[in-house]
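Topology and contacts: notes
Chain by chain, the residues run as shown.
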Amino acid sequence: MELLDKLTVLADAAKYDAACTSSGARRGFRTGMIGCTSSSIVGCCHTFSADGRCVTLLKVLMSNDCSYDCAYCVNRRGNDTPRATFTPRELCELTIGFYRRNYIEGLFLSSAVLGSPDRTTERMVAALRMLREEYRFNGYIHAKAIPGTSPELVTALGLLADRLSVNIELPSEASLRRLAPNKTKAAILAPMGQIRDQETESKAELVKYRSAPRFAPAGQSTQLIVGATGESDRHILRLTESLYGRYRLRRVFYSAYVPVVENTLLPALDTKPPLLREHRLYQADWLLRFYGFRASELLDEEQPDFDPRLDPKCCWALRHLEFFPVEVNRADYEALLRVPGVGVVTAKRILVARRTGPLHADDLKKLGVVMKRAQYFLTCSGRLATPLRLSRAGVLASLLAAERAALPAEAQGEQLSLFEKAGS
Amino acid sequence: MQWRNIIYQYDGSFDGLLCCVFESYTQKERPTAIVCDEDACLFEIRSVVTVPEHAARVSRSLRKLSSDVLPLLRRVFLTHLPDKEMAIYRFIAKLYREGTPYLSRLSDDAYQPLLRAARQLATEVEHLRGFLRFSIYDGVLGAEIEPKNRVLPLLRSHFCERCRNETFFIYDRTHREALLYSGGRSRIVPLDDFRPAPPDDEESEYRKLWKRFYDTIAIRERENPRGRMSKMPKRYWSTMTEFQVPAEPVGKPKQETLSGA
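Just so we're clear, the structure is a prediction, and the values are computed from it rather than from any experiment.

Procedures and definitions
- Residues numbered from 1 in each chain as written.
- Chains lettered and ligands numbered in written order.
- Predicted model: local features only at pLDDT ≥ 70, side-chain atom pairs only at ≥ 80, totals over all residues.
- Helix = DSSP H or I, 4+ residues; strand = E, 2+ residues; numbered from the N terminus.
- Rg over C-alpha atoms; globule rule 2.2 N^0.38 Å.
- Buried ≥ 20, exposed ≤ 12 C-beta atoms within 10 Å, placed from the backbone.
- Contact = placed C-beta atoms within 7 Å.
- Pairing = 2+ DSSP bridges.
- Nonpolar A, V, L, I, M, F, W, Y, C, P; charged D, E, K, R; others polar.
- Axes fitted to C-alpha atoms, helices over the stretch in contact; angles between N-to-C directions.
- pLDDT = per-residue confidence, 0-100.
- Domains from an automatic or database assignment.
- Parallel < 35°, antiparallel > 145°, perpendicular 65-115°, else oblique.
- Left-handed = near helix turned anticlockwise from the far one by under 90°.
- Expected span 1.5 Å × (residues − 1).

Remarks on the overall build of chain A
When helices and strands are counted, chain A shows 16 helices and 11 strands. The C-alpha atoms of chain A give 24 Å as radius of gyration, which agrees with the globular expectation for 424 residues (22 Å, within 12%). When the backbone C-alpha atoms are referred to their principal axes, chain A occupies close to 65 × 55 × 35 Å. For chain A, the residues scored as buried account for 46% of the 424 residues in total. Nonlocal contacts in chain A, meaning residues at least 24 apart in sequence, comprise 68% of its contacts between residues at least 6 apart.

Overview of the overall build of chain B
The helix and strand tally for chain B stands at 8 helices and 10 strands. Viewed in the frame of its principal axes, chain B has a C-alpha envelope of about 65 × 40 × 40 Å. Taken across its 261 residues, chain B has 31% of its residues classed as buried. Within chain B, residue pairs in contact and separated by at least 24 positions form 65% of the contacts whose partners lie at least 6 positions apart.

Brief notes about the pairing of strand β7 (residues 220-226) of chain A
Residue and element names in this part refer to chain A. Counting buried positions over the 7 residues of β7 gives 7, a clear majority of the element. Burial along β7 is two-sided: Q220, T222, L224 and V226 facing one way and S221, Q223 and I225 facing the other are all buried. Here strand β6 (residues 163-165) runs beside β7; their pairing, made up of 2 bridges, is parallel. Directly across from S165, in β7, lies its bridge partner S221. Where β7 meets strand β8 (residues 251-256), 6 bridges bridge the pair, whose relative direction is parallel. Bridged to L224 within β8 is Y254.

So, the interface of chain A and chain B
Between chain A and chain B, the residue contacts involve 41 residues of the former and 41 residues of the latter. Taken together, the elements giving at least two residues each to the side of chain A that touches chain B come down to α1 (3-14), β1 (47-48), α2 (88-100), α12 (344-353) and α13 (361-367) of chain A. Split into classes, the residues belonging to the side of chain A that touches chain B amount to 20 nonpolar, 11 polar and 10 charged.

A few points about the sheet that holds strand β2 (residues 6-9) of chain B
Residues and elements named next belong to chain B. Ordered by their spatial adjacency, 3 strands build an open sheet running β4-β2-β5, and the pairing between neighbours is parallel. At either end of the open sheet lies a strand with only one pairing partner, and these are β4 (33-35) and β5 (44-47). The sheet shows a mean angle of 30° between the axes of neighbouring strands, direction not considered. Summarising the sheet, β2 and β5 pair through 4 bridges and their orientation is parallel. Pairing of Y8 across the sheet is with R46, part of β5.

Re the confidence of the model for chain B
Residue and element names in this part refer to chain B. Put simply, chain B has an average pLDDT of 89, and 91% of its residues get 70 or more. Of the regions scoring below 50 in pLDDT, residues 249-261 engages in 7 contacts with residues more than four places distant in sequence or in other chains. Prediction confidence for the complex, expressed as pTM and ipTM, is 0.89 and 0.89 respectively.

Concerning the pairing of strand β9 (residues 177-182) of chain B
Residues and elements named next belong to chain B. Across 5 bridges, strand β8 (residues 168-172) lies against β9 in antiparallel orientation. Directly across from F168, in β9, lies its bridge partner Y181. In this structure, the hairpin formed by β8 and β9 is closed by a connection of 4 residues, where R176 is found at a positive phi of approximately 50°. Relative to strand β10 (residues 185-190), β9 runs antiparallel, the two being bridged by 6 bridges.

Focus on the domain arrangement of chain A
Residue and element names in this part refer to chain A. Domain boundaries in chain A define domain 1 (3-298) and domain 2 (312-423). Spacing between the C-alpha centres of domain 1 and domain 2 amounts to 36 Å. Contacts between the two partners involve 10 residues from domain 1, matched on the other side by 8 residues from domain 2. Elements represented by at least two residues in the side of domain 1 that touches domain 2 include exactly α8 (275-290) and α9 (295-298). Partitioning the side of domain 1 that touches domain 2 into residue classes produces 6 nonpolar, 2 polar and 2 charged.

Describing the sheet that holds strand β9 (residues 326-327) of chain A
Residue and element names in this part refer to chain A. Strands sit in the order β9-β10-β11 across an open sheet of 3 strands; the sheet is mixed. Both edges of this open sheet fall to β9 and β11 (383-384), since each of them pairs with a single strand only. Of the strand pairs in this sheet, β9 and strand β10 (residues 378-380) are connected by 2 bridges, and their pairing is parallel. For V326, the partnering residue across the bridge sits in β10 and is L378.

Digging into the packing of α2 of chain A against helix α3 (residues 117-134) of chain A
Residues and elements named next belong to chain A. Axis separation between α2 and α3 bottoms out at 9 Å; the angle between their running directions is 45°. In terms of their interaxial angle, α2 and α3 are classed as oblique. Considering the relative orientation of α2 and α3, their crossing is right-handed. Contacts between α2 and α3 pair P88, L91, C92 and T95 from the former with A126, A127, M130 and L131 from the latter.

Description of the packing of helix α5 (residues 112-131) of chain B against helix α6 (residues 152-162) of chain B
Residue and element names in this part refer to chain B. With their axes 10 Å apart at the nearest point, α5 and α6 run at an angle of 40° to one another. Relative to α6, α5 is oriented oblique. At the point where α5 passes α6, the crossing takes the right-handed sense. Along its contact with α5, which presents V125, L128 and R129, the element α6 presents L154, L155 and H158. Here the contact of α5 with α6 is composed, by residue class, of 4 nonpolar, 1 polar and 1 charged.

Some remarks on α8 of chain A
Residues and elements named next belong to chain A. Spanning 16 residues, α8 covers 22 Å between terminal C-alpha atoms, matching the ideal 22 Å at 1.5 Å per step. L275, E278, R280, L281, A284, D285, L287 and L288 are the residues of α8 that are buried. The secondary structure elements touched by the buried residues of α8 are β7, α7 (233-246), β8, α9 and α10 (312-319).

Right, dumping it as structure tokens:
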């Protein structure tokens, strides 16, 4: 098979992986090596694909010739699809050729299970070792640790890669049993725990010896599929929170389920991927990581799913009107962060700008406050930003009207019908 | 200070602009405009000579107020903010008048536009770190960009580190200048015209591979042209490999790829 065709098959098979960041690692320049990833801590997007997702890394599978039979996956054994496997050299040439031309920041290497997890990981390690040692590549590498791989091989992988990830795939063990019979919760969590421990160990070693080997300096991430099974947003968000806490993950990625195979256990083939739901989950994920929210605040048993029409912070604010209005000139940073329409950067600007004198409503917009959301929740020196004091229903209606244009067409239709119902 | 209808003309350098500030304070007058090129007009034009000591005195006075001011102004000077010379002048004048506390009045009318312009510049630099595409001509990397702001001075350190072992150049079509790097040394030089050489076989092959990868990696069911355009505005597309039709040996040149989402 020609390289172009191989690349097509193996990129196509890898495209459902959501992670594509080069963040969290600083690799300074080293003499005799190619490249570095020290430009910025937030990573670097090299392009955006037609679906609007950032492309930072050459995201491919080592092979799509899988021995597993997970129901939701295109590469499962029973599926009739072209199969291909990269040789380590092909992979290295591609990575270096793309990297030098500034197409990518590095390599994202995953693989279908070739025979056994150990055999697969051995091949990945061989390719990455060639890339690092023979081709002297000093850019970013993200490698997938396959559940069930022996710890020594995970260690070898972690010493070559910047970031490792183990995909949780489905948000509960019951769903795993049903759809991915070859994977178990224990097999997924074992490498996660190992990676966490070795990362901590390596950090401690680095403090003592500057040249100690670095194990996965950019930590680990994971991904789970949303919408293939029936778990609620609350379940997913609580899982996320415990992954951040217990396994110290850097990121949890959500991937809206795109039906690729016909299976009675799965949503029908013509189901639209739940993109808006995925978006709301990412927004909530940000609230957990940067805004000091807890999963239990955002969703509870009475309301286990997000309202797709409004972002999670607005929803939270509407259910906690007693917290508002927040006084811009007095509130502390944490309180400002809870106001819809005020982000991390804006909140910090407010703290600086109010040092020299009280802020007025027209200053807020210049500081970056999104007034269409924030106006109902803020006061400036005791004065409300909106002239009228609205009820909860009034604020909800105004917020919905303001957000409507930004929603995708399906969700807009849904909303119109709700309004009609309310009106009739 | 009294108001006289006077226009300063300077040499277009940042130090030159600081000398205009110096001139204004020593002459006790406020210019109505600061221009770089000579235009016939009704007002009196005075040409301000760039004297390094004068610029240094202004720099020192600003540094005394805060260490952040000068770097900010240098960045603003690279932007395409309309009438940036007067915007910078007005800001400095107000800063002298009100002192350091002025620097926290982020929403002030003389300050906020500068901050916004600097932010836009930073965004463009961030974008181009990723969206810039090199072609390899006989082992030398070459790229062309069409930025709104003068980004080359800010891209310099990033690419010099990333491509430390390479020889490369980046040509800025908008401002007609090029960043050259070879053997650990870099220079920014004015360059009026640049025509890239046609790609060799290996180069065309990699372009083809990249374009194929780019087209494959998108998930059709999630297509989102608006999302893509907001994160990667179309003005960058003209210099990005994945949006170019590979040069066919025969046949008509296709232009419509840029509009196809």
